[in-house]
Amino acid sequence: MTVFEEVLEAKKQFEGVVFPTPLLPSRNLSNDFNANIFLKREDLQVVRSYKIRGAYNKMSSLTEVEKKQGIVCASAGNHAQGVAYSCNLLQIHGKIFMPKTTPKQKIKQVQLFGQEYIEIILTGDTFDDAYATANETCQAENKVFIHPFDDVKVIAGQGTVGLEILDDAKTPINYVFVPIGGGGLASGLSTVFKELSPNTKIIGVEPEGAPSMKTSIKNGVNTRLESIDKFVDGAAVKQVGNHNFKICKENLDDIILVPEGKVCSTILQLYNEEAMVVEPAGALTIAALDFYKEQIKGKNVVCIVSGSNNDIERTAEIKERSLLYEGLKHYFLIQFPQRPGALKEFVNDILGDEDDITYFQFKQKNNRESGPVIVGLELKNKTDIAPIQHKMTAKGFEFHYLNEKEDLFAQLIG
């Protein structure tokens, strides 16, 4: 069968198990971009992401012998939940390997969905670490590996998202923005649209710190990245799948890279304006709209909200990254004069009335005229930073601007 035919078969497998998610208009986003913006709410799945689709489709296709042998999977979180839930539904025993850095909330949910049918093993710091260990276990114990994206059955399951969009859409869709991690959803969905709605532009979206698909398509070969930013954990892989690469290089019309800070701003915006709680990967497509705002004016646009498995413990980091990206949070290493009144002078003569000191670390040096201080400032207006820097120079405060020194910033602040 072709991949498209596999998608149609997958839809039949889902009856009574995987339920369609709504395609909902967003008034706020539509007003912001002067377009008709619709959100495909995969965050409302029972496992709170689209990953149940591919996992269940693959596992339901196993032979009885394979089911008895059991399965193994590796995941940064969402695929694990889909596999765990499928293990429970199909009564298949599974070993699920996840990075030690996986948010606690996702680990708890995996256990909740899998119950007695699964065993969770935390290993390594990244998905790739967990993937390597899972493969070794799979071969040693003769179990079936359920790949999170590089498998035709998984791709077909994810592709049913595209069928549902076209079933629910009242008017032709001009653009679909789809997140890319390993490429399972993007390859499945794009296959459906190229078959049933070929005029729709399919725009892939990756985190700027993990541009695996864009790099591979640019190079003309599936390329493994040396390092990635793991913040957008649901879409941060060093290498996309081989099946996924072949399909996406033919089907995608463009790939947008979104800075992690922009993703954080979008998470906060969705919470404040839409009462939606999404994970970083779930905000990717909406964050990408700013980069296409001219092209989508007056158009019908669908954004896939891929998941909502966010950990509340990440809130402080999300806010911090957002403020840094928006130019409202700034860090300096300042040589403070060792004299009475220096701090008062800094506050009264350099900072504005609405500027806030959110971080202050001072270590006094004996017998020195000045001592190093790390200062974090939160501003109301991003244009206020230039006058502050000018005033510090005029008042004789020597400083290093840490926002522009990534290595030093990471050591002193991160």
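These figures come from a predicted structure and were not determined experimentally.

A. Representation of the environment of Gly 182 in the model. One can find Gly 182 in the loop between strand S7 (175–179) and helix H9 (184–196). Gly 182 sits in the buried class, given a relative accessible area of 8%. For the pair Gly 182 and Phe 245, spaced 63 residues apart in sequence, the C-alpha separation works out to 8.8 Å. With near-sequence residues (within four places) excluded, Gly 182 lies in contact with Phe 149, Met 213, Val 237, Val 240, Gly 241 and Asn 244.

B. Representation of unusual backbone geometry in the model. Phi is positive for Asn 34, close to 50 degrees, though the residue is something other than glycine. Turning to its location among the elements, Asn 34 is positioned in the loop between helix H2 (27–33) and strand S2 (36–41). Not every positive phi belongs to a glycine, and Gln 91 is a case in point at roughly 55 degrees. Counting through the fold element by element, Gln 91 comes out in the loop between helix H5 (78–90) and strand S4 (94–98). The exposed category is assigned to Gln 91, whose relative accessible area is 56%.

C. A nonpolar patch on the surface, seen in detail. A contiguous nonpolar surface patch, about 330 Å² in accessible area, is contributed by Leu 343, Val 347, Phe 360 and Phe 362. Looking at the nonpolar patch, the elements that each hand over two or more residues are helix H15 (342–350) and strand S12 (356–362). Within the element layout of this structure, Phe 362 appears in strand S12. By relative accessible area, Phe 362 is classed as partly exposed at 40%.

Quick notes on the rules
Residues numbered from 1 in each chain as written. Predicted model: local features only at pLDDT ≥ 70, side-chain atom pairs only at ≥ 80, totals over all residues. Heavy atoms only, no water. Helix = DSSP H or I, 4+ residues; strand = E, 2+ residues; numbered from the N terminus. Buried < 20%, exposed > 50% of the residue type's maximum accessible area, 1.4 Å probe, protein only. Contact = heavy atoms within 4.5 Å. Patch = residues over 30% accessible without salt bridge, like charges linked within 9 Å, V, L, I, M, F, W, Y side chains within 5 Å. Areas by Shrake-Rupley, 256 points an atom, 1.4 Å probe, with all protein chains shown as cover. Salt bridge = Lys/Arg side-chain N within 4 Å of Asp/Glu carboxyl O.

Structural measurements only, silent on function.
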